[in-house]
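A closer look at the structure
So the chains spell out like this:
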Amino acid sequence: MALFFVAVTYFSMAYLNTLMAVESTQVNQSLEQDMAAIRRQVLLLGDIEEVEEGGDVVTGEHGLARWSVEYEYTEVADLFLVTLTVELDPEDEEKGVTEATEQFYLTRPSWSEPLERDELRARTKERLVERQLSSER
């Protein structure tokens, strides 16, 4: 009888853990889908002033979301490190997330300053020539 109760307890705990894992996966999938939609909207903007302003978007699962973007120049011309921050509807806390952040690299020639672009290209060319010369030795 005791063995039966131990088995039932074990299987009940396993079942509950499985249910919680499935629910967690569904929440993560909906957040990923909403983040992908917001990212697409941001990537469609070509003007840097529009991107710097940020904006609001209605998501499929999390309601109203406010997004903002910070970007950094890299050592490669026209390549930027972009940080997308999304604040989700505070009334949506039962979904488990109120803010999400992701970083990615983005090539945007229209964001670059022409003089800085030329300097970065010259430095990149110098590095490539140095590598080529050192590999020939």
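Notes on the structure in this doc start here. Small disclaimer: the values here were computed from a predicted structure and weren't measured.

Calculation rules
Residues numbered from 1 in each chain as written. Predicted model: local features only at pLDDT ≥ 70, side-chain atom pairs only at ≥ 80, totals over all residues. Heavy atoms only, no water. 1 Å grid on protein atoms, 1.4 Å probe; cavity = no way out; pocket = protein on both sides within 12 Å on 5 of 7 lines; lining within 4 Å. Points joined across faces, edges and corners; volume = space filled by probe spheres on them. Helix = DSSP H or I, 4+ residues; strand = E, 2+ residues; numbered from the N terminus. Nonpolar A, V, L, I, M, F, W, Y, C, P; charged D, E, K, R; others polar. Patch = residues over 30% accessible without salt bridge, like charges linked within 9 Å, V, L, I, M, F, W, Y side chains within 5 Å. Areas by Shrake-Rupley, 256 points an atom, 1.4 Å probe, with all protein chains shown as cover. Salt bridge = Lys/Arg side-chain N within 4 Å of Asp/Glu carboxyl O. Lys, Arg positive; Asp, Glu negative; His and termini not counted. Charge placed at Lys NZ, Arg CZ, Asp CG, Glu CD. Buried < 20%, exposed > 50% of the residue type's maximum accessible area, 1.4 Å probe, protein only.

Notes on empty space enclosed by the protein
Per the counting criterion, the structure on display carries 1 cavity of 30 Å³ or more. Roughly 40 Å³ of internal volume is contained in the largest cavity. Lining the largest cavity, in full, are Y73, T74, V76, D78, L79, F80, S112, E113, E116, R117 and L120. If you list the elements that add at least two residues to the lining of the largest cavity, you get β3 (79–88) and α3 (114–136). If one sorts the elements of the lining of the largest cavity by residue count, α3 sits on top with 3 residues. Its residues assigned to classes, the lining of the largest cavity comprises 5 nonpolar, 2 polar and 4 charged.

A short note on a negative patch on the surface
On the surface, D47, E49, E50, E52 and E53 cluster together into a patch of negative charge. Topologically, E52 is positioned in helix α2 (residues 48–53).

Observations regarding the pattern of salt bridges
When charged atoms on two side chains of opposite charge get close, those side chains can pair. Applying the stated criterion across every chain, the model contains 6 salt bridges. In this structure, D56 engages R66 in a salt bridge whose closest nitrogen and oxygen atoms are separated by 3.3 Å. Of this pair, D56 sits in strand β1 (residues 55–58) while R66 sits in strand β2 (residues 64–73), and the two are 10 residues apart along the sequence. The salt bridge partner of R123 is E119, with a shortest N-O separation of 3.7 Å. Placement of the pair is R123 and E119 together in helix α3, with a separation of 4 residues, close to one helical turn. The partly exposed category is assigned to R123, whose relative accessible area is 36%. Residue E119 is classed as partly exposed on the basis of its relative accessible area, which comes to 46%. Through salt bridges that share partners, E75, E119 and R123 make up one connected network.

A few points about the environment of G63
In this fold, G63 is placed in the loop between β1 and β2. Residues G63 and D89, spaced 26 residues apart in sequence, show a C-alpha to C-alpha distance of 6.0 Å.

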